[in-house]
Amino acid sequence: MDWTNKMRITLCLVALMLLTACSVSYKFNGASIDYSKTKTIQISEFPIRSSYVWGPMAPMFNNQLRDQFAAHTQLIQVKRNGDLKIEGEITQYQQRNKSVSAEGYSAQTELSMTVNVRFTNNAKHSEDFERSFTATQSYETTRSLNDVQEELVTQMCKDLCDQIFNATVANW
């Protein structure tokens, strides 16, 4: 083996060792939490306060909200006295005609869900708020609400939980 081939092999080995020894790991989850000050979160049950309801809606929303914070933060969920506190209620669940066909009949129906949220940051009370969040989904009126309700409520719960997560810990 001549000198140039030995040099190429040596350089390849050195480059390979450098690539495996040095790696950059970056995880972006959207949360901007100072974990030295904020370690726990209390997420209360959101009861339904709407006149029109669908039974599984509250458990779906409550579970999705807890899962969102468990998956995207290092906060420990507690029953009371959390550094962060999220509470509220589902205040509205309704459907309305969204568009009309050429024949004058409803072509699309919009389903909406609104939650009122009270957020308390015990480490920094200037970030406390009370605010409503709304999510909507549309479906063709040729389909019945019973056929699409579970899918649409699941999508609205995910959207609402994303909005609440962004407003409380993402600081977007």
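Conventions adopted
- Residues numbered from 1 in each chain as written.
- Predicted model: local features only at pLDDT ≥ 70, side-chain atom pairs only at ≥ 80, totals over all residues.
- Heavy atoms only, no water.
- Pairing = 2+ DSSP bridges.
- Helix = DSSP H or I, 4+ residues; strand = E, 2+ residues; numbered from the N terminus.
- Axes fitted to C-alpha atoms, helices over the stretch in contact; angles between N-to-C directions.
- Contact = heavy atoms within 4.5 Å.
- Core = buried A, V, L, I, M, F, W, Y, C linked by side-chain atoms within 4.5 Å.
- Buried < 20%, exposed > 50% of the residue type's maximum accessible area, 1.4 Å probe, protein only.
- 1 Å grid on protein atoms, 1.4 Å probe; cavity = no way out; pocket = protein on both sides within 12 Å on 5 of 7 lines; lining within 4 Å.
- Points joined across faces, edges and corners; volume = space filled by probe spheres on them.
- Nonpolar A, V, L, I, M, F, W, Y, C, P; charged D, E, K, R; others polar.
- Parallel < 35°, antiparallel > 145°, perpendicular 65-115°, else oblique.
- Left-handed = near helix turned anticlockwise from the far one by under 90°.
- Disulfide = S-S within 2.5 Å.
- Salt bridge = Lys/Arg side-chain N within 4 Å of Asp/Glu carboxyl O.

Engineer: What is the right way to look at the sheet that holds strand 4 (residues 106-121) in this model?
Structural biologist: The strands making up a sheet associate through backbone hydrogen bonding, with each pair oriented either parallel or antiparallel. Read from one edge of the open sheet, 5 strands run 2-1-3-4-5, paired in mixed fashion. Both outer strands of the open sheet, strand 2 (76-78) and strand 5 (129-140), are each paired with one neighbouring strand and no more. The sheet shows a mean angle of 30 degrees between the axes of neighbouring strands, direction not considered. Most of the contacts of helix 2 (residues 57-72) go to strand 3 (residues 84-100), to which it runs at about 125 degrees, and overall it touches strand 1 (40-43), strand 2, strand 3 and strand 4. Sitting on the sheet, helix 3 (residues 145-170) touches strand 3, strand 4 and strand 5, and the angle it makes with strand 5 is about 150 degrees.

Engineer: What's the story with the nonpolar core in this structure? I'm lost.
Structural biologist: Across soluble globular proteins, nonpolar side chains have a tendency to be buried as a group. Counting residues in each nonpolar core, the largest one holds 35 residues, and the members touching the most others are Phe61, Leu65 and Met113. Among the elements of the structure, strand 1, helix 2, strand 3, strand 4, strand 5 and helix 3 are those that each provide at least two residues to this core. By residue number, the principal contributor to this core is helix 3, which donates 11 residues. Those residues in contact with leucine 65 that lie beyond four places of it in its chain are Ile43, Phe46, Ile86, Cys161 and Ile164.

Engineer: Mind showing me how you'd approach the layout of surface pockets here?
Structural biologist: Rolled over the atoms, a probe with the dimensions of a water molecule shows which regions are left empty. In this structure, the largest pocket encloses a volume near 200 Å³. Around the largest pocket, the lining is made up of 14 residues, and of these Ser32, Asp34, Thr38, Asn121 and Glu127 lie nearest the centre. Elements with a contribution of two residues or more to the lining of the largest pocket: strand 4 and helix 3. Class assignment for the residues of the lining of the largest pocket results in 5 nonpolar, 5 polar and 4 charged.

Engineer: Any chance you could explain unusual backbone geometry here in plain terms?
Structural biologist: Most peptide bonds take the trans form, and the phi angle of most residues other than glycine is negative. Look at asparagine 81: it is not a glycine, yet its phi comes out positive at around 60 degrees. By the secondary structure assignment, asparagine 81 is in the loop between strand 2 and strand 3. In this structure asparagine 81 comes out as exposed when scored by relative accessible area, which is 67%.

Engineer: Before we go on, may I ask you to explain the packing of helix 2 against helix 3 in this structure?
Structural biologist: Packed helix pairs are specified by the crossing angle of their axes together with the interaxial distance, meaning the distance between the axes. Relative orientation of the contacting elements helix 2 and helix 3 amounts to 45 degrees, with a least axis distance of 9 Å. Relative to helix 3, helix 2 is oriented oblique. Both helix 2 and helix 3 take part in a crossing whose hand is right-handed. On helix 3, the residues that touch Met57, Met60, Phe61, Gln64, Leu65, Gln68, Phe69 and His72 of helix 2 are Glu150, Val153, Thr154, Cys157, Lys158, Leu160, Cys161, Asp162, Ile164, Phe165, Thr168 and Val169. The class makeup of the residues in the contact of helix 2 with helix 3 is 12 nonpolar, 5 polar and 3 charged.

Engineer: Please clarify how the state of the cysteines should be interpreted in this entry.
Structural biologist: As used here, a disulfide is simply a covalent bond connecting the sulfur atoms of two cysteines. One pass over the full model with this rule turns up 0 disulfides. We note that cysteine 157 lacks a disulfide partner, and the nearest cysteine sulfur, in cysteine 161, lies 6.3 Å from it. Looking at cysteine 157, the relative accessible area reads 2%, which means it is buried.

Engineer: Honestly, the pattern of salt bridges in this entry has me stumped. Any pointers?
Structural biologist: Opposite charge on two side chains allows them to pair when their charged atoms are near. All chains considered together, the criterion is met by 8 salt bridges. With a shortest N-O distance of 3.8 Å, arginine 118 and glutamate 130 are connected by a salt bridge. Here the residue arginine 118 occupies a position in strand 4, and glutamate 130 occupies one in strand 5, the gap between them amounting to 12 residues. Assessed through its relative accessible area of 25%, arginine 118 is described here as partly exposed. One salt bridge in this structure joins lysine 158 and aspartate 162, with 3.1 Å as the shortest N-O distance. With lysine 158 and aspartate 162 both in helix 3, this residue pair falls 4 residues apart, about one helical turn. Connected through salt bridges with shared partners, the residues Lys85, Glu87, Glu89, Arg118 and Glu130 form a single ionic network.

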